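# Descriptive structure summary
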Amino acid sequence: MNAGNSSGIWRSIWHEPETGHVRIIDQTRLPHSLETRALKTLADACAAIRDMRVRGAPLIGVTAAFGVYLALRENPASLPSAIDQLRATRPTAVNLCWALARAQRALAGTQESGIAGRALRFAVELAAADAACCAAIGEHGGGVLRGIWQQKNRPDEPLRVLTHCNAGALATVEWGTALAVIHKAAASGIPLHVWVDETRPRNQGAALTCWELRRAGIDHSLIVDSAAGHAMASGLVDVCVTGSDRVSAAGDVCNKIGTYPVALAASDNALPFYVALPVSTIDFDWPSMATPIPIEERDAAEVSQATGIDVNKSETRIRQYPEQTPIRNFAFDITPARLVTGIITEHGVFEANQNSLVALAGDDHRGRVSRMVKP
Ligand code: MRU
């Protein structure tokens, strides 16, 4: 199984040359069971994204690119319909549309006889680029944590980092975004304790982030989402770091539901709140949070029901609330730029405002990094 690499950082998706299929870690089975699953068709790829067997903004984008390959392998003339079906799987993470637009550009003018092979090469390259990108995010963010650690000047106490949802290797191809920052800081010798928000209702913090941190040997504690403010007000947190699904050109951060209250509590307690993401997560067509974006609302059963292991170690699903209870299951919220201390990207750390982020606009943004935050 290829669900890992030499550095111990997990790879969440890969192509299997022996079968031609794409293989994923099935995240709906974690933390109780580590299982992989083959994606053989476009329908498999769409279902994997929609049912959140793969999730996290960058991984959704890479899975969509592999989905294009699977579609063209079945029918070399199916590009437009494949793009439409993949685009409809989940609405909020902009990396999905970003990856599909790039795939479309890469395949423009390709003969049908070679189009599936070209699509596969594109997806493999996109996956490799995502892994490299996340490693770079980790290096820049590790530098931020080092600065905070030095300023704190308490060698007797670890640096205490609070994170929300899962922005780890499971949400990307390797490393993660917020967790890349944590991995690189840990690897550089900074003692860490990570507070992990449970992240109701799908519990990506409890189920996925804790699983990743345990495997990496990084000290952590799970807390319920509503405890984050208390932990900060009690002096137990030094810095918050999260990922994002879409950032506006003005630096507003759309991320998993519950991120906004974390940022509010951080601001009220004068704690830094950083967001780590690849530039592909910045939507330069979204001017600011004054313009609405699609915020996914998921099935009420995610709130009213829970899955776990019973005393016989069998997986069980239970209903916690009566079926008649009216439920709204908002999957994301938006944190205003004013609450964001800095945006950690593969090109450095930027202020959460338009003047700073504009340096990253367009495909060729390397070298235009003049408005970086001083870590
Ligand atoms: O609904 P999910 O699990 O796909 O949401 C994931 C998040 O909100 C992550 O924090 C975000 O995608 C950043 S992942 C690098």
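Coordinates for the structure precede this section.
Residues numbered from 1 in each chain as written. Predicted model: local features only at pLDDT ≥ 70, side-chain atom pairs only at ≥ 80, totals over all residues. Heavy atoms only, no water.

A few words on the overall build of the chain. Assigned secondary structure in the chain consists of 11 helices and 16 strands. A globule of 375 residues ought to have a C-alpha radius of gyration of about 21 Å, and the chain, at 20 Å, matches this closely. Projected onto its principal axes, the C-alpha positions of the chain cover 60 × 55 × 45 Å. Counting across all 375 residues of the chain, residues that qualify as buried make up 54%. Distance between charge centres in the chain, computed from 36 positive and 38 negative side chains, equals 2 Å. (Helix = DSSP H or I, 4+ residues; strand = E, 2+ residues; numbered from the N terminus. Rg over C-alpha atoms; globule rule 2.2 N^0.38 Å. Buried < 20%, exposed > 50% of the residue type's maximum accessible area, 1.4 Å probe, protein only. Lys, Arg positive; Asp, Glu negative; His and termini not counted. Charge placed at Lys NZ, Arg CZ, Asp CG, Glu CD.)

Going through the model one piece at a time under the given rule, you end up with 21 salt bridges. The shortest N-O distance in the salt bridge between E296 and R298 comes to 2.7 Å. For the pair E296 and R298, a shared accessibility class is recorded, and that class is buried. For the salt bridge of E302 with R298, the shortest nitrogen-to-oxygen distance reads 2.7 Å. In this structure, E302 and R298 share a single accessibility class: buried. (Salt bridge = Lys/Arg side-chain N within 4 Å of Asp/Glu carboxyl O.)

Before going further, it helps to spend a moment on the sheet that holds strand β4 (residues 159-163). One open sheet accounts for seven strands, arranged β6-β5-β4-β7-β10-β15-β16; its pairing is mixed. This sheet does not close on itself; its edge strands, each paired only once, are β6 (220-223) and β16 (348-350). Geometrically, the sheet is characterised by an average inter-axis angle of 25 degrees between neighbouring strands, direction not taken into account. Inspection of the sheet shows β4 paired to strand β5 (residues 192-197) by five bridges, in the parallel sense. Within the sheet, the bridge partner assigned to R160 lies in β5 and is H193. Strands in contact with helix α6 (residues 178-187) are β4, β5, β7 (239-242), β10 (273-276) and β15 (342-345); relative to β5, the strand with the most contacts, it is inclined by about 165 degrees. (Pairing = 2+ DSSP bridges. Axes fitted to C-alpha atoms, helices over the stretch in contact; angles between N-to-C directions. Contact = heavy atoms within 4.5 Å.)

With respect to the helices, strands and loops of the structure, H21 is situated in the loop between β1 (13-15) and β2 (22-25). Here R73 takes part through its side chain, which lies 3.2 Å from a polar atom of the side chain of H21. H21 has contacts with W14, H15, E16, A38, L39, K40 and R73, leaving out every residue within four places of it along the chain. (Polar contact = N/O pair within 3.5 Å; in protein donor to acceptor, adjacent residues only side chain to side chain.)

Here we take up the site of the ligand. Contacts to the ligand come from 19 residues, most closely from R90, Q204, D245, N255 and K256. In the environment of the ligand, an oxygen atom lies 2.7 Å from a nitrogen or oxygen atom belonging to the side chain of D245. Relative to its free-state accessible area of 420 Å², the ligand is covered by the protein chains to the extent of 100%. When contributions to the shell around the ligand are tallied by element, the ones reaching two or more residues are α2 (57-74) and β9 (253-256). Considered class by class, the residues forming the shell around the ligand number seven nonpolar, eight polar and four charged. (Near = heavy atom within 4 Å. Areas by Shrake-Rupley, 256 points an atom, 1.4 Å probe, with all protein chains shown as cover. Nonpolar A, V, L, I, M, F, W, Y, C, P; charged D, E, K, R; others polar.)

Let's shift gears to the packing of α2 against helix α4 (residues 95-107). For the pair α2 and α4, interaxial distance at closest approach is 7 Å and the crossing angle is 35 degrees. Like other packed secondary-structure pairs, α2 and α4 cross with a definite hand, here right-handed. The residues of α4 that touch α2, namely those facing A57, P58, I60, G61, A64, V68 and L72, are N95, L96, A99, L100 and L107. (Left-handed = near helix turned anticlockwise from the far one by under 90°.)

Our next topic: the state of the cysteines. Counted according to the given criterion, the structure contains zero disulfides. Here C240 stays unpaired: no disulfide links it, and the sulfur of C165, its closest cysteine neighbor, is 15 Å away. Given the relative accessible area of 0%, C240 is considered buried. The thiol of C254 is not disulfide-bonded; the next cysteine sulfur, from C165, is found 11 Å away. For C254, a relative accessible area of 0% puts it in the buried group. (Disulfide = S-S within 2.5 Å.)

Moving on, we get to the packing of α2 against helix α3 (residues 79-87). Their axes nearest at 10 Å, the elements α2 and α3 cross at an angle of 145 degrees. The chirality of how α2 crosses α3 is right-handed. Every residue of α3 that contacts α2 at A64, G67, V68, A71 and L72 is listed here: L79, A82, I83 and L86. Here the contact of α2 with α3 is composed, by residue class, of eight nonpolar, one polar and no charged.

Fair warning: the whole summary comes from geometry, so function is off the table for now.
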